[in-house]
Amino acid sequence: MSHPGVEDDEADLTRKQRREQAREQRKALEEEATASAKRKARLTQLGIVVAVVVAAVVVILIATGGGGTKKVAPHSAEANQTTAAVNTLIGGIPQSGNTLGNPNAPITLQYFGDLECPICKEFTLGALPPIIQKWVKTGKVKIEYRSMETATHEPEVFNSQQVAALAAGTQGKMWNFLETFYHEQGEEGSGYVTESYLQGLAQQVPGLNLTQWTNDRNNPVLTSQIATDKQAANNAGFTGTPSFLIGKTGGTPSKLEYSSLTDPASFNEAIEKLLKG
Amino acid sequence: MSARALRTTLIVLAALGVALAGYLTYLHYSGTTPPCSIKGNPCSQVQKSRYSELAGVPVALIGLLGYIVILGSLLAPEDERARFATMALTLGGLGFSAYLTYREVFTLHKICEWCVGSAVLMTIMMCLSVWRFLRGDLDARARALAQADGGPEPTAPPLGAAPS
């Protein structure tokens, strides 16, 4: 026989335990809800940061540009501006084939480049003009432009654009052609160098006989010049463009290590040394 | 991995980043050619290109400042705000690394191993800091649970302890 008082106590305890359990469950649910809200808030914050970073990268990419896949129309304002800049730089300097400068200059600088190489463009528009101004115009240095395939990915395009430049060289205008090419260079790998692009460039070279230029582009001697240049670059151990060989005209040239694409100091130093030696 | 081990790992990586970016900044200003194991030294061509500067500021210097600020956010007392700062900064760093890698691969067609090293470092740091931010203060939660169960409060492992 049980005592009624004890039954009441047991019932009370069970009620208390149930209340306790319910409170703990409620607490757990609240904690879970709080943790879930925190997780959601963190994911939202992460999403916002990712969006801001992506937008910033896109802005930087647009702001720093890439040259675009433009084609400058002959006789347009931009074309005329390029022609004027090229004329100011090399107008009046003797040219023969791939060479710019006095044929009897005591120093020869060989410039190995790829017309589609953006780093070559940086050099051509950066350190090269002061070198031409100081050394080529004064007849102390002549520069030979030699081809080396780096940035142009299709060998047939590389040959075609290089032969186009060399064909302008048979009329003593290769440097006008390649300076114009570098000035108007498009974005690498965008496939902008087409037949009409090369024709457009040729039309921007003042005084170039286009019929003769078109015929000369079929001259196998010009193609063999590309192979000779490739061999010379291999012999020198060059793996990138622009690369340079410098030496006394007729002598054995040596590699020129440059420290900047825009500052001609390394070139000036090497030339001065050779002139003194 | 405990919160402390995670933070320590991030501090070590950020310090490595400071050293790497600091060296590249020194090379930029001294005009020294960076050593490079790749034939033809593409690192030199990348670091002399116009993309080695952004608005006139060397990207190596921007990287150095970035790593220093990240390190600062890790050395600050750890709370929700500090974890958010580290996460946001490393995501920004990863975005900047992505931009530089794009320029190397698609514009210059040169790969610089120093830049790749920094990009890998920043990617690891970003992954760890995002994980750290999303999971919140796990150690504090573990302590609270232990207290609720009436057990002893778990102690943090010593600095540099093996990740759990």
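Reading the values: rules and limits
Within every chain, residues take consecutive numbers counted from 1 along the sequence as written. Written order decides the labels, with chains lettered from A and ligands numbered from 1. Residues qualify for local features only when their pLDDT is at least 70, as the model is predicted, and side-chain atom pairs are given and counted only at 80 or more; totals for whole chains, interfaces and linings, by contrast, use all residues. Only DSSP runs of H or I with at least four residues qualify as helices, and only runs of E with at least two residues qualify as strands; both kinds are numbered from the N terminus onward. Think of it this way: build a C-beta for each residue from its backbone, and any pair within 7 Å is a contact. Exposure criterion: with C-beta atoms placed from backbone coordinates, a residue whose C-beta has 20 or more other C-beta atoms within 10 Å is buried, one with 12 or fewer is exposed, and one in between is partly exposed. Note that Gly is not counted as nonpolar here; it falls among the polar residues with everything else outside the nonpolar set of Ala, Val, Leu, Ile, Met, Phe, Trp, Tyr, Cys and Pro and the charged set of Asp, Glu, Lys and Arg. By definition, two strands form a pair when at least two bridges between them are found by DSSP. The length a helix should cover is 1.5 Å for every residue beyond the first. Buried Ala, Val, Leu, Ile, Met, Phe, Trp, Tyr and Cys residues form a nonpolar core when they are connected through C-beta atoms within 7 Å. Every angle, taken between N-to-C directions, lies between 0 and 180 degrees, and every axis is a line fitted to C-alpha atoms, over only the stretch in contact when it is a helix. Here the angle decides the label: under 35 degrees means roughly parallel, over 145 means roughly antiparallel, 65 to 115 means roughly perpendicular, and every other value means oblique. Two helices that cross are described as forming a left-handed crossing if the nearer one is turned anticlockwise from the farther one by less than a right angle, and a right-handed crossing if clockwise. Think of pLDDT as the predictor's per-residue confidence, scored from 0 to 100.

Some words on the overall build of chain A
When its secondary structure is counted, chain A shows 10 helices and six strands. Taking the intrachain contacts of chain A between residues at least 6 apart in sequence as the baseline, contacts between residues at least 24 apart amount to 80%.

Some details on the overall build of chain B
In terms of regular secondary structure, chain B is built from six helices and two strands. N-terminal to C-terminal, the α/β element order of chain B is α-α-β-β-α-α-α-α. Residue burial in chain B is summarised as follows: out of 164 residues, 34% are buried. For chain B, contacts bridging at least 24 residues in sequence account for 71% of all contacts bridging at least 6.

Quick word on the interface of chain B and chain A
Facing the 25 residues of chain B at the interface are 25 residues of chain A. Secondary structure elements with two or more residues in the side of chain B that touches chain A: helix H2 (42–48), helix H4 (80–108) and helix H5 (113–135) of chain B. Looking at the side of chain B that touches chain A, the element that brings in the most residues is H4 of chain B, giving 11 residues. Residue classes in the side of chain B that touches chain A are distributed as 13 nonpolar, nine polar and three charged.

Let's talk about the pairing of strand E4 (residues 141–147) of chain A
Residue and element names in this part refer to chain A. The buried count for E4 comes to six of seven residues, which makes it a mostly enclosed element. The sheet contact formed by strand E2 (residues 99–100) and E4 spans two bridges and is antiparallel. Bridge pairing links leucine 100 to isoleucine 143 in E4. In terms of strand pairing, strand E3 (residues 107–113) meets E4 through seven bridges, oriented parallel. Bridge pairing links threonine 108 to lysine 142 in E4.

Considerations on the environment of glutamate 149 of chain A
Topologically, glutamate 149 of chain A is positioned in the loop between E4 and helix H5 (155–169). Sequence-distant contacts of glutamate 149 of chain A, that is, excluding residues within four places in its chain, are made with Asp114, Pro155 and Phe158 of chain A.

What about helix H9 (residues 220–236) of chain A?
Residue and element names in this part refer to chain A. With 17 residues, H9 ought to run about 24 Å at 1.5 Å a step, and its terminal C-alpha atoms sit 25 Å apart, in line with that. Looking at the buried residues of H9, the elements they touch are E3, E4, H5 and helix H8 (210–216). A positive phi of about 80° marks glycine 237, the residue just after H9.

With respect to the sheet that holds E2 of chain A
Residues and elements named next belong to chain A. Strands sit in the order E1-E2-E4-E3-E5-E6 across an open sheet of six strands; the sheet is mixed. Of all the strands in the sheet, the pair left with one neighbour each is strand E1 (95–96) and strand E6 (254–255). Strand direction decides the pairing type here: E3 and strand E5 (residues 243–248), joined by six bridges, are antiparallel. Residue isoleucine 107 lies in a different strand from E5, and its bridge partner there is lysine 248.

Brief notes about the nonpolar core
Soluble, globular proteins show a tendency: their nonpolar side chains are buried together. Core analysis: the biggest nonpolar cluster contains 85 residues, and Val141, Ala165, Ala168, Met174, Phe177, Leu178 and Ala202 of chain A have the highest contact counts within it. Considering every element that reaches this core, the biggest residue donor is H4 of chain B, with eight residues. In this view, alanine 168 of chain A contacts Lys173, Met174, Asn176, Phe177, Ala202, Val205, Leu208 and Trp213 of chain A; residues no more than four positions away in its chain are not counted.

Some words on the packing of helix H2 (residues 77–90) of chain A against helix H6 (residues 174–183) of chain A
All names here are of chain A. Contact geometry of H2 with H6 gives a least axis separation of 10 Å together with a crossing angle of 130°. The orientation of H2 with respect to H6, classified from their angle, is oblique. Here the hand of the crossing between H2 and H6 comes out right-handed. Taking contact as the criterion, the partners of Thr82, Ala85, Val86, Leu89 and Ile90 in H2 are, on H6, Trp175, Asn176, Glu179, Thr180 and His183. Broken down by class, the residue content of the contact of H2 with H6 amounts to five nonpolar, four polar and one charged.

Examining helix H3 (residues 118–125) of chain A
Along an α-helix, residues three or four positions apart point the same way, because every turn accommodates 3.6 residues. Taking burial as the measure, the eight residues of H3 of chain A include seven buried ones, the bulk of the element. Taken together, the buried positions of H3 of chain A are Pro118, Ile119, Cys120, Lys121, Glu122, Phe123 and Thr124 of chain A.

Considerations on unusual backbone geometry
Across the junction of threonine 241 of chain A and proline 242 of chain A, the peptide omega takes the value 0°, indicating a cis bond. Secondary-structure assignment places proline 242 of chain A in the loop between H9 and E5. Here the phi dihedral of alanine 55 of chain B falls at roughly 55°; this positive angle occurs in a residue that is not glycine. Along the chain, alanine 55 of chain B turns up in the loop between strand E1 (53–54) and strand E2 (57–58). Its 8 C-beta neighbours within 10 Å are what place alanine 55 of chain B among the exposed residues.

A few points about the pairing of E5 of chain A
All names here are of chain A. One ladder, built from two bridges, connects E5 with E6; its direction is antiparallel. Of the residues in E6, the one forming a bridge with isoleucine 246 is serine 254. The antiparallel pairing of E5 with E6 creates a hairpin that spans five residues between the two strands, and glycine 250 there sits at a positive phi of about 90°.

With respect to the confidence of the model for chain B
All names here are of chain B. Within chain B, residue pLDDT values average 83, and 80% of them lie at 70 or more. Per-element confidence in chain B is highest for helix H3 (residues 59–75), whose mean pLDDT is 96, and lowest for helix H6 (residues 138–148), whose mean pLDDT is 64. For the stretch residues 153–164, pLDDT sits under 50, and the model shows 21 contacts to residues farther than four places along the chain or on other chains.

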